[in-house]
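Structural overview for review
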Number of protein chains: 2
Amino acid sequence: MPASLPSNVIPLHVPTLQSACSQCNLRELCLPLGLSDSELDMLDAVIGGRRKLKRGQYLYRSGDAFEAIYAIKAGFFKTDVLTEDGRDQVTGFQMTGEVLGLDGIGTELHTCNAVALEDSEICLIPFTDLERLSSEVHTLQRHFHKMMSREIVRDHGVMMLLGKMRAEERLATFLLNLSQRFMARGYSAAEFHLRMTREEIGSYLGLKLETVSRAFSRFQDEGFISVHQKHICILDIQGLKMIMTHPPSSSGT
Amino acid sequence: MPASLPSNVIPLHVPTLQSACSQCNLRELCLPLGLSDSELDMLDAVIGGRRKLKRGQYLYRSGDAFEAIYAIKAGFFKTDVLTEDGRDQVTGFQMTGEVLGLDGIGTELHTCNAVALEDSEICLIPFTDLERLSSEVHTLQRHFHKMMSREIVRDHGVMMLLGKMRAEERLATFLLNLSQRFMARGYSAAEFHLRMTREEIGSYLGLKLETVSRAFSRFQDEGFISVHQKHICILDIQGLKMIMTHPPSSSGT
DNA sequence: CACCCTGTTTGATCTGTGTCAACGTCCCTG
DNA sequence: CAGGGACGTTGACACAGATCAAACAGGGTG
């Protein structure tokens, strides 16, 4: 197991590596951390298969019956919820090694939409199988519980962002979070392509797309990043961190 | 088991009733729904004791070691998170029958503060015991997973509220949610006391206390509610629902 | 009963972000 | 390579909610 992956920088989900495995490289994905080889073999038995999705395809929709959770083997997704009156809110962006579908356990119906933002591949994990196995394999149970809890903690971070931060702080936080997650997967922390539109970023951050665009421009003018369409270079991480944590005047409350 | 409790109106947690039980009325609280009597007896064995808290006391603080989750036997709590630069965000208000502490599972450290907003009493459920038992009792495992998932779905609702709604929509949503949760516990849906200050409501809703106060005043002027300090009467539920779901002009995006 | 402290209401003004609109850029397709 | 459509940028202006400030209400406590 390759060592020294930054894993506790922020409430990310979990790093991904390369390696073969019977059905899919789940061994390297979210669930199995800390399991022994024999336990991993049991887990393999529970993978219900793979599925490929084209850009724009839905993995599931709000209202669909919940049957499985999904580990992203490769690709990039967004999840969103919508109200009866047609407003929608992006609740997250998920990348390789992260898990989708936890929203459906409670009601046995999915409560949000999950859409691929690029051609992607997922591993399907039938939930009843997962529950059965996790009651036998303590480390798997523990890992699954931690995963759900981390999702709750992540959501709290988003509440903070939406409730207390200004536009530029939100975008800086967003960029730094993406950067860390790419880095944890072995990609560059400084240079990456955004898979989502300005409108989707705005929806996630509680902003209009024009505001997102203006904030990008200002970050570029200030020399913190360079932006060309969806291509981002972070030139001054410290600068972004300053924006994130230093509200212009009064903090608190 | 008393029938006809409204349980699927909104992603609430779970209703509470009166009845005796060995250590605490957990039988009627969050976890046990759907368990047989013998399974309930097993669950009783796992309750680690009770604890009383005075108004203002912390049940746990961010950074505390995570050891147990807590079922509220009676009382009212808020949870909040804070950033390094001192801003804090209320992430939820919890009442009798709801559960606290799920945020700590992921890192084995609590990531938010939980404070009693009135004198309260909780049942302590040591997490290792809960995990052990839930691997033996399938219905308990299932119930616990549903509980965590519902918390995630609730958080998505808050994101929608913070990301897409205007001040009055947020407050109307908040009041209607409280109303339903009081109703589900056998209290009046129309008349209740707020346990939290305007500032705490504002923090939860991403608004300043003055804005909360003005929205209350406007609801009263319009005849939707009457407000006297923390005492609220809902006079026109439909009116509030209209505010919640009918943005003044353009919706969507 | 007077005092104080915390919480609430209300008014006047300011400002960050939304809204509307025009234009630019890239990519895909024929 | 021309045309079209989706996406992004930028500007001018409007407005919801923040900020600042003052006054009020209630509820403990000496």
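Keep in mind that what you see is a predicted model, and the values were worked out from it rather than measured.

1. So, the overall build of chain A
Across its full length, chain A holds 7 helices and 11 strands. Scored against the burial criterion, the 253 residues of chain A give a buried share of 58%. Surface accessibility of chain A: about 10,500 Å² in total, with carbon and sulfur atoms responsible for 50%.

2. Structural notes on the protein's contact with DNA strand D
Neighbouring DNA strand D are 17 residues, the closest being Arg214 and Ser217 of chain A together with Ala167, Lys208 and Thr211 of chain B. Between Arg214 of chain A and DNA strand D, the recorded distance is 2.8 Å, taken from a side-chain N or O atom to a base nitrogen. A distance of 3.4 Å separates a phosphate oxygen of DNA strand D from a polar atom in the backbone of Lys208 of chain B. The dominant element in the surface near DNA strand D, judged by the number of residues it contributes, is helix 6 (residues 209-221) of chain A, at 5 residues. Residues that form the surface near DNA strand D fall into these classes: 3 nonpolar, 6 polar and 8 charged.

3. Focus on the relation of the copies chain B and chain A
Put simply, the second copy of the chain is the first one after a rotation about an axis and a shift along it. Between chain B and chain A, which share one sequence, the superposing operator has a rotation angle of 180° and an axial displacement of 0.0 Å; the RMSD is 0.0 Å. Classification of the inter-copy transformation places it as that of a two-fold axis. Closest approach to the rotation axis within chain B is made by the C-alpha atom of Ser135 of chain B, at a distance of 2.1 Å. Here 100% of the contact residues of chain B are again contact residues in chain A; the copies associate through an equivalent surface.

4. Focus on the interface of chain B and chain A
Counting residues at the interface gives 55 residues for chain B, matched by 55 residues for chain A. Across the interface of chain B and chain A, roughly 4,900 Å² is buried in total on both sides, 58% from carbon and sulfur atoms. The residue Glu169 of chain B makes a salt bridge to Arg87 of chain A at a minimum N-O spacing of 2.5 Å. At the level of secondary structure, the elements contributing two or more residues to the side of chain B that touches chain A comprise strand 4 (76-82), strand 5 (88-95), helix 2 (127-136), helix 3 (138-164), helix 5 (198-205) and helix 7 (237-245) of chain B. With 21 residues, the top contributor of residues to the side of chain B that touches chain A is helix 3 of chain B. Here the side of chain B that touches chain A is composed, by residue class, of 16 nonpolar, 22 polar and 17 charged.

5. What to know about the environment of Lys146 of chain A
Secondary-structure assignment places Lys146 of chain A in helix 3 (residues 138-164). Since its relative accessible area comes to 18%, Lys146 of chain A is described here as buried. Residues contacting Lys146 of chain A, with those up to four places away along its chain left out, are Ile105, Gly106 and Glu108 of chain B.

6. Re the nonpolar core
A general trend in soluble globular proteins is that nonpolar side chains are found buried together. With 100 residues, the main nonpolar core has Leu171, Phe174, Leu175 and Phe216 of chain A together with Leu171, Phe174 and Phe216 of chain B as its most contacted residues. Those residues within four positions of Leu171 of chain B in sequence are excluded, and the remaining contacts are Ile201, Leu205, Val212, Ala215, Phe216 and Phe219 of chain B. Counting residues in each nonpolar core, the second largest holds 38 residues, with Leu130 and Phe144 of chain A together with Ile69 and Ile125 of chain B among its members.

7. Some words on the sheet that holds strand 4 (residues 76-82) of chain A
Residues and elements named next belong to chain A. Read across the sheet, 4 strands follow the order 2-7-4-5 without closing on themselves; strand pairing throughout is antiparallel. Two strands bound the open sheet, and with one partner strand each, they are strand 2 (58-60) and strand 5 (88-95). With strand direction ignored, the average angle separating the axes of adjacent strands in the sheet is 30°. Looking at chain direction, strand 2 and strand 7 (residues 113-116) are connected through 2 bridges and run antiparallel. From the neighbouring strand, Tyr60 faces strand 7, where its bridge partner is Ala114. In this fold helix 4 (residues 167-184) packs onto strand 4 and strand 5, with an angle of close to 25° to the strand it touches most, strand 5.

8. Looking at the protein's contact with DNA strand C
Taken together, 17 residues sit near DNA strand C, with Ala167, Lys208, Thr211 and Arg214 of chain A together with Ser217 of chain B positioned nearest. Near-protein atoms of DNA strand C (within 4 Å) split between backbone and bases, with sugar and phosphate holding 63%. Lys208 of chain A places a main-chain nitrogen or oxygen 3.2 Å from a phosphate oxygen of DNA strand C. Separating a base nitrogen of DNA strand C from a side-chain N or O atom of Glu210 of chain A is a distance of 3.2 Å. Mapped onto the surface near DNA strand C, the elements with two or more residues apiece are helix 6 of chain A together with helix 6 (209-221) of chain B. Counting residues per element, the surface near DNA strand C draws most heavily on helix 6 of chain B, at 5 residues.

9. Comments concerning helix 5 (residues 198-205) of chain A
For helix 5 of chain A, the tally of buried residues reaches 6 of 8 residues, placing the bulk of the element in the interior. What helix 5 of chain A keeps buried is the set Glu200, Ile201, Gly202, Ser203, Tyr204 and Leu205 of chain A. Where helix 5 of chain A is buried, its residues contact strand 4, strand 5, helix 3, helix 4 and helix 6 of chain A together with helix 3 of chain B. Following helix 5 of chain A by one or two positions, Gly206 of chain A adopts a phi angle in the positive range, close to 70°.

10. Digging into the domain arrangement of chain A
Residue and element names in this part refer to chain A. What the domain assignment reports for chain A is domain 1 (21-137) and domain 2 (165-245). Listed per partner, the contact involves 14 residues of domain 1 and 11 residues of domain 2. When domain 1 packs against domain 2, the two sides together hide about 1,200 Å² of surface, and 55% of this comes from carbon and sulfur. A per-residue breakdown of the area domain 1 buries against domain 2 is headed by Phe76, Phe93 and Met95, which together make up 46% of the total. Linking domain 1 with domain 2 are 4 salt bridges, by the criterion used here. Among the salt bridges present, the one from Arg185 reaches Glu98, with a minimum N-O distance of 3.2 Å. Put simply, domain 1 and domain 2 have 10 residue pairs in polar contact (both at pLDDT 80 or more) between them. Of all elements in the fold, only strand 4 and strand 5 reach the threshold of two or more residues within the side of domain 1 that touches domain 2.

About the thresholds
Residues numbered from 1 in each chain as written. Chains lettered and ligands numbered in written order. Predicted model: local features only at pLDDT ≥ 70, side-chain atom pairs only at ≥ 80, totals over all residues. Heavy atoms only, no water. Helix = DSSP H or I, 4+ residues; strand = E, 2+ residues; numbered from the N terminus. Buried < 20%, exposed > 50% of the residue type's maximum accessible area, 1.4 Å probe, protein only. Areas by Shrake-Rupley, 256 points an atom, 1.4 Å probe, with all protein chains shown as cover. Near = heavy atom within 4 Å. Polar contact = N/O pair within 3.5 Å; in protein donor to acceptor, adjacent residues only side chain to side chain. Nonpolar A, V, L, I, M, F, W, Y, C, P; charged D, E, K, R; others polar. Least-squares fit on C-alpha atoms with pLDDT ≥ 70 in both. Contact = heavy atoms within 4.5 Å. Buried area = accessible area lost by both parts, 1.4 Å probe. Salt bridge = Lys/Arg side-chain N within 4 Å of Asp/Glu carboxyl O. Core = buried A, V, L, I, M, F, W, Y, C linked by side-chain atoms within 4.5 Å. Pairing = 2+ DSSP bridges. Axes fitted to C-alpha atoms, helices over the stretch in contact; angles between N-to-C directions. Domains from an automatic or database assignment.

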